[in-house]
Amino acid sequence: MGTNAIISPTKDAPQPGQMNDIGFRVILIPVLGIVIPLVTRMIPHDKLTLWEIKFSYLYTIGIAWIIWHGNRYLLFTLRSYFNWFNHPMRKIGALLLVIPFFTVPISVLLLSGWYHIFLKGIVDWNVVFQSTLIILVAVIFIVHVYETVFLVKESESEMLRNTQLERARAEAALDALKNQIDPHFIFNSLNTLSHLIESAPVKARQFNDSMAEVYRYILQNKSRDLVQLREEMIFLDNYFGLLKIRFGTMIRFDPDIPDNALDEYLLPPISLQLLMENAIKHNEFSRQNVLVIELNLTGDALVFSNNITKKNQDRDSSGIGLNNLRDRYLMVTGMEISVTEENGVFSVRLPLLKLN
């Protein structure tokens, strides 16, 4: 999954034109169109016929509709030019300038128009100005409600985008860590094969066949975040077989894991191979000083350990190393590995995920 697909700016951002405020408008426009003239006593019921009263309220509802949708259009238009997060003062200034300059003239014009239609042009300007003021206050309140809704939606969208971005970064980092395994393994395997071709051609053929089986496991599990402990142990046994071809009795591997536990746990693939490779690379060993690698299940964790006889000129690893394994393990499992070195023993504790 590409990062661009995850954080597309047009996918998750709230679009004003798509805001579902139909119910809001259907209820409040008629309410405002009726309540405001009732409060200001604009429509004299005793001077008008029943039909004139009905048409008067339809007219004032029409005023509410025009004022509402006109301001709604202006509000949505301003959103494309001003942003609360980047330029809050400009946004406030634009709202204070545009909203009253639309609402007041239109309200005065339409309200005075009602007097010309129903009361023969006898305009009560006090009522007109009072109604206009109430309309303006109502508009400001409604604009505030709209802006609050948009701010909430934008905040949620921003949080979602940030979460998706972090996830995309984590996935990209995890892919990068996984991709570093292959060249590291190839580099070391080819060096070993080159050495055996010159010193032991028969072993070189065995090594080549075994290496194909080991590399097949890497290719099959490269895209997986977790594998069963049994799968990883089979792979580790095959990998140790490659090492035995080269080093013979100079190394020993003593795993102590109950068979019934092999199908109960999960861990990131190729974790144990890295630790075994790390032990081989950084220690001196011989037939008299055997490198002993142990693997034990302690609680819900694997403890990988080996005796320490450090090389005099120990070069830094050219592969992902323990730090890379720690990062990959944390990303996949959410748990950290622990590394200790005491009493001549180097140990790495790998917490395992238990299958339900």
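Source: prediction; values computed, not measured.

Reading the values: rules and limits
Residues numbered from 1 in each chain as written. Predicted model: local features only at pLDDT ≥ 70, side-chain atom pairs only at ≥ 80, totals over all residues. Heavy atoms only, no water. 1 Å grid on protein atoms, 1.4 Å probe; cavity = no way out; pocket = protein on both sides within 12 Å on 5 of 7 lines; lining within 4 Å. Points joined across faces, edges and corners; volume = space filled by probe spheres on them. Helix = DSSP H or I, 4+ residues; strand = E, 2+ residues; numbered from the N terminus. Nonpolar A, V, L, I, M, F, W, Y, C, P; charged D, E, K, R; others polar. Expected span 1.5 Å × (residues − 1). Buried < 20%, exposed > 50% of the residue type's maximum accessible area, 1.4 Å probe, protein only. Arc of directions from axis to C-beta. Phe/Tyr/Trp six-rings, centres within 6.5 Å; stacked < 30°, edge-to-face > 60°. Pairing = 2+ DSSP bridges. Salt bridge = Lys/Arg side-chain N within 4 Å of Asp/Glu carboxyl O.

A. Fine view of empty space enclosed by the protein. Taken as a whole, this structure holds 4 cavities of 30 Å³ or more when the rule is applied. As for the largest cavity, its lining consists of 21 residues, of which Leu32, Ala64, Ile67, Ile135 and Val139 are closest to the centre. Looking at the lining of the largest cavity, the elements that each hand over two or more residues are helix H3 (22–40), helix H4 (50–79) and helix H6 (125–179). Take the lining of the largest cavity: its biggest share by element is 8 residues, from H4. Of the residues contributing to the lining of the largest cavity, the split by class is 16 nonpolar, 4 polar and 1 charged.

B. Local environment of helix H11 (residues 321–333). Taking 1.5 Å of rise per residue, the 13 residues of H11 would be expected to cover 18 Å, and the 18 Å separating its terminal C-alpha atoms lies within 8% of that figure. Turning to H11, its buried residues are Gly321, Leu322, Asn324, Leu325, Arg328, Tyr329, Val332 and Thr333. Buried residues of H11, seen end-on, are gathered within an arc of 155° and therefore sit on one face of the element. Among the residues trailing H11, Gly334 stands out with phi positive, at a value near 80°.

C. Just the packing of aromatic side chains, in detail. Under the criterion given, the structure shown has 12 aromatic pairs. Centre to centre, the rings of Phe24 and Tyr146 are 6.1 Å apart; their planes meet at 70°, and the pair counts as edge-to-face. You can see Phe24 sitting in helix H3 and its partner Tyr146 sitting in helix H6, a full 122 residues away along the chain. We classify Tyr146 as buried; its relative accessible area is 4%. Their ring planes at 75° and their centres at 6.4 Å tell us that Trp68 and Tyr146 sit as a pair that is edge-to-face.

D. Main features of the pairing of strand E7 (residues 345–351). In terms of burial, E7 is a largely internal element, 5 of the 7 residues being buried. Bridge analysis of strand E5 (residues 301–307) against E7 gives 7 bridges, and the strand direction is antiparallel. Paired with Asn307 across the strands is Val345, a residue of E7. Two elements, strand E6 (residues 338–342) and E7, share 5 bridges in a ladder whose sense is antiparallel. Bridge pairing in E7 places Glu342 opposite Val345. Count of turn residues in the E6/E7 antiparallel hairpin: 2 residues, of which Asn343 carries a positive phi of about 55°.

E. Region of the structure containing the pattern of salt bridges. According to the stated counting rule, one finds 6 salt bridges in the structure shown. A salt bridge links Arg72 to Asp21, with the nearest nitrogen and oxygen atoms 2.8 Å apart. With a gap of 51 residues between them, Arg72 in helix H4 and Asp21 in the loop between helix H2 (9–12) and H3 connect regions that are remote in the sequence. Take Arg72 and Asp21: they sit in the same class, and that class is buried. In this structure, Asp263 engages Arg230 in a salt bridge whose closest nitrogen and oxygen atoms are separated by 2.8 Å. A residue pair is termed long-range when its members are at least 10 positions apart, and Asp263 in the loop between strand E2 (251–256) and strand E3 (265–267) and Arg230 in helix H9 (residues 229–247) qualify at 33 residues. We classify Arg230 as partly exposed; its relative accessible area is 25%. Because the salt bridges share partners, they merge into one network encompassing Asp21, Arg25 and Arg72.

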